[in-house]
Amino acid sequence: MDPWLQPAIGYIRNWIEFQMRTSQQPGCIVAIAHRGKVVAEFAFGHANLATGEKLTPRHRFRIASHSKSFTAAGIMKLREQHKLRLDDPVGEYVKGLHRQVAEATIAQILSHSAGLTRDGMAGGQFSDSRPFLSTDELIADLSSSPRIEPNSRFKYSNHGFALIGLVIEAITKQPYRAWIEREIVAAAGLRETQSDMPLVKATPFARGHSPRLPLGRRLVIPGENRLNAITPAGGFVSTAADLARFFAQLAPNAKRSVVSAASRREMTRRHWRNPHSSIENYYGLGIMSGNLGGWDCFGHSGGLQGYISRTCVVPSREVSISILTNATDGWAGFWLEGAMHIMRAFAERGAPKRRVRDWTGRWWSVSGAVDLVPMGNLVIAGNPYALNPFLDASEIKVTGRDTGRISLAAGYASHGEPVRRTRNKAGKVTEVWFAGSKVRPEKTVAAEMERRYGPRRRRPAR
């Protein structure tokens, strides 16, 4: 493992644990892989708030649109076997489609540029008010013309990837689930992944949860519904560890993969820019790509009732990370971006040198918490409340065992002022002073706040 990665993982864990406390999310699992091997995984919170079941890294989650990357890999494998071409019109394999839909190519559908309807007109399948579409219902929706002209822009379509599942069935003469689980899931060495419900009995499963609003409390969403014809677009069930492994295999420079390097380059290549978006990002063939924390990366996201998930691969660093949350308002996307910022900071500055290594920990005042994070020759004063904890963070240059100087800070902070640590008689650090501001351990500050601001007990009347 690269020397910078281990301390980065340590702080990612501490930071997400803090974020879990402040956001009051039900649960979250994280997995990080380096060079295709999982090097860290951890779980926070609950698999089921109603029962109090604790979440573990082995709990399965609905991973929703991550499914598209598995489906796209399946198509690329069939292409390598010369069983299809990416410019084949889907009408060669699936009948009953509108003429213009039938003319759409496999590549257009995989890149969401065929102009197809996103989810059809049968509302409710993504809000648990009706079952997910059957194959006949899917074909009925696709017997209407595309919503916009093909090859005119990126336009996401779950129906499109469901249609690709029918292409796979037509070519292989097998059910999509059986073929994809054998040729892609099992071939990739994944043991905690399947393409849809139901799960094998006794398999640990994280239940979904509703947002806190509008009820003011969360309700448990069973999460056991089958996605039927929509399975190739969103039915998969997995763990963060399996996702980190699988997406690492899709990197063009991966040493092991279920598809060729040429196929992986085509999947991860930027085919279409996401229009009308404040963030520059792109779509390839079943793959999202862009730049996070200054690193070019690819992966996918997923959202299904009760679940939000995100996975990202940085080929240049041979690192992949997957974060799964079990709530409709889950913070997986925000936390993944924050984790990327953390990793890049450590990659640029390196693992902490011996001189600064013990300048660490979360320190509190009545104003909140600050994290001392050593990296390289400096100590960063991180903000654990922020989605990028190192954004505009002050830097401390250590000058002695317990002394330092704020060597870089924003104009409203304490640039150039001293930092010092105070120890008790046993030699343990009990306080850190930033110029005239003091921070201490959480329990100490909590007790002080209770004394200062808590309700005062009335003395009994005599």
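Residues numbered from 1 in each chain as written. Predicted model: local features only at pLDDT ≥ 70, side-chain atom pairs only at ≥ 80, totals over all residues. Heavy atoms only, no water.

For this particular structure, what's the right way to read the packing of helix H2 (residues 67-80) against helix H6 (residues 158-172)?
To describe two helices that pack against each other, one gives the angle between their axes and the distance between the axes. The contact between H2 and H6 brings their axes to 10 Å, and the two run at 35°. Helix-helix and strand crossings are classified by hand; for H2 and H6 the assignment is left-handed. Counting all contacts with H2, which are made through Lys 68, Thr 71, Ala 72, Ile 75 and Leu 78, the residues of H6 involved are Asn 158, Phe 161, Ile 164, Val 167, Ile 168, Ile 171 and Thr 172. In terms of residue class, the contact of H2 with H6 is made up of eight nonpolar, three polar and one charged. (Axes fitted to C-alpha atoms, helices over the stretch in contact; angles between N-to-C directions. Helix = DSSP H or I, 4+ residues; strand = E, 2+ residues; numbered from the N terminus. Left-handed = near helix turned anticlockwise from the far one by under 90°. Contact = heavy atoms within 4.5 Å. Nonpolar A, V, L, I, M, F, W, Y, C, P; charged D, E, K, R; others polar.)

Please explain the pattern of salt bridges as it appears in this structure.
When the charged atoms of two side chains lie near each other, side chains of opposite charge can form a pair. As enumerated under the stated definition, the model contains 30 salt bridges in all. Notably, a salt bridge pairs Asp 87 with Arg 85, separated by 3.8 Å at the nearest N-O pair. When sorted by exposure, Asp 87 lands in the same class as Arg 85, which is exposed. Arg 99 serves as the salt-bridge partner of Glu 103, at 3.3 Å between the closest nitrogen and oxygen. Of this pair, Glu 103 and Arg 99 both sit in helix H3 (residues 99-103), four residues apart, which is roughly one turn of the helix. We classify Glu 103 as partly exposed; its relative accessible area is 47%. For Arg 99, a relative accessible area of 55% gives the class exposed. One connected set of salt bridges, linked through shared partners, spans Asp 358, Asp 402, Arg 421 and Arg 423. (Salt bridge = Lys/Arg side-chain N within 4 Å of Asp/Glu carboxyl O. Buried < 20%, exposed > 50% of the residue type's maximum accessible area, 1.4 Å probe, protein only.)

Whenever I open this one, the nonpolar core confuses me. Can you help?
As a rule of thumb, soluble globular proteins bury nonpolar side chains together. With 78 residues, the main nonpolar core has Phe 70, Ile 75, Leu 97, Ile 106, Leu 110, Leu 163 and Phe 246 as its most contacted residues. If you tally residues by element for this core, the top one is H6, at eight residues. Of all hydrophobic cores here, the second largest spans 38 residues; its members include Val 314, Ile 323, Ala 332 and Ala 339. (Core = buried A, V, L, I, M, F, W, Y, C linked by side-chain atoms within 4.5 Å.)

What's the story with the sheet that holds strand E10 (residues 288-292) in this structure? I'm lost.
Hydrogen bonds along the backbone pair up the strands of a sheet, which may run parallel or antiparallel. Strand order in this open sheet of nine strands is E3-E2-E1-E13-E12-E11-E10-E9-E8, and the pairing throughout is antiparallel. Each end of this open sheet is capped by a strand with a single partner; those strands are strand E3 (53-54) and strand E8 (272-273). Two elements, strand E1 (residues 27-34) and strand E13 (residues 319-325), share seven bridges in a ladder whose sense is antiparallel. Note that in E13 the partner of His 34 across the bridge is Val 319. (Pairing = 2+ DSSP bridges.)

Would you mind going over the pairing of strand E16 (residues 378-382) with me for this structure?
The side chains of a regular strand alternate between both faces of the sheet. Most of E16 sits inside the fold, with five of its five residues counted as buried. Of the two faces of E16, both are covered, the one formed by Leu 378, Ile 380 and Gly 382 as well as the one formed by Val 379 and Ala 381. Pairing geometry for strand E15 (residues 368-375) and E16, over five bridges, is antiparallel. Note on E16: the bridge partner recorded for Leu 372 is Ala 381. Connecting E15 to the next strand, E16, in antiparallel fashion are two residues, including Gly 376 with a positive phi near 60°.

Explain the pairing of E15 to me, please; I cannot follow it from the model alone.
Across the eight residues of E15, eight count as buried, placing the element largely inside the fold. In this sheet, E15 lies alongside strand E14 (residues 361-365) in antiparallel orientation, the contact comprising five bridges. Of the residues in E15, the one forming a bridge with Gly 361 is Leu 372. Here E14 folds back onto E15, and the loop between the two strands holds two residues.

What should I look at first to understand H6 in this one?
An α-helical segment advances 3.6 residues per turn. Residues three or four places apart therefore align on the same side. In this model, H6 (15 residues) spans 21 Å end to end at C-alpha, consistent with the 21 Å of a helix rising 1.5 Å per residue. Counted residue by residue, H6 has 13 buried out of 15 residues, so it is predominantly covered. The backbone nitrogen of His 159 has a side-chain oxygen 3.4 Å away, supplied by the residue at the start of H6, namely Ser 157. Positioned one or two residues after H6, Lys 173 has a phi angle of 60°, which is positive. (Expected span 1.5 Å × (residues − 1). Polar contact = N/O pair within 3.5 Å; in protein donor to acceptor, adjacent residues only side chain to side chain.)

Sorry if this is basic, but what is going on with the layout of surface pockets here?
In this approach a probe as big as a water molecule rolls over the atoms, and the regions it shows empty are the leftover space. The calculated volume of the largest pocket comes to roughly 730 Å³. Lining the largest pocket we find 35 residues, and of these Asn 274, Asn 281, Met 288, Ser 301 and Arg 310 sit closest to its centre. In the lining of the largest pocket, the residues fall into 16 nonpolar, 15 polar and four charged. Empty space within the second largest pocket amounts to approximately 540 Å³. In terms of lining residues, the second largest pocket is bounded by 24 residues, among which Ala 369, Val 370, Ala 381, Ser 394 and Phe 434 are the most central. Breaking the lining of the second largest pocket down by element, the ones donating at least two residues are E15, E16 and strand E21 (437-439). Grouping the amino acids of the lining of the second largest pocket by side-chain chemistry returns 13 nonpolar, nine polar and two charged. (1 Å grid on protein atoms, 1.4 Å probe; cavity = no way out; pocket = protein on both sides within 12 Å on 5 of 7 lines; lining within 4 Å. Points joined across faces, edges and corners; volume = space filled by probe spheres on them.)

I keep staring at the state of the cysteines and nothing clicks. Help me out?
Think of a disulfide as a covalent bridge from one cysteine sulfur atom to another cysteine sulfur atom. Taken as a whole and judged by the stated rule, the model has zero disulfides. The thiol sulfur of Cys 297 is not disulfide-bonded, and the nearest other cysteine sulfur, from Cys 312, lies at 3.3 Å. (Disulfide = S-S within 2.5 Å.)

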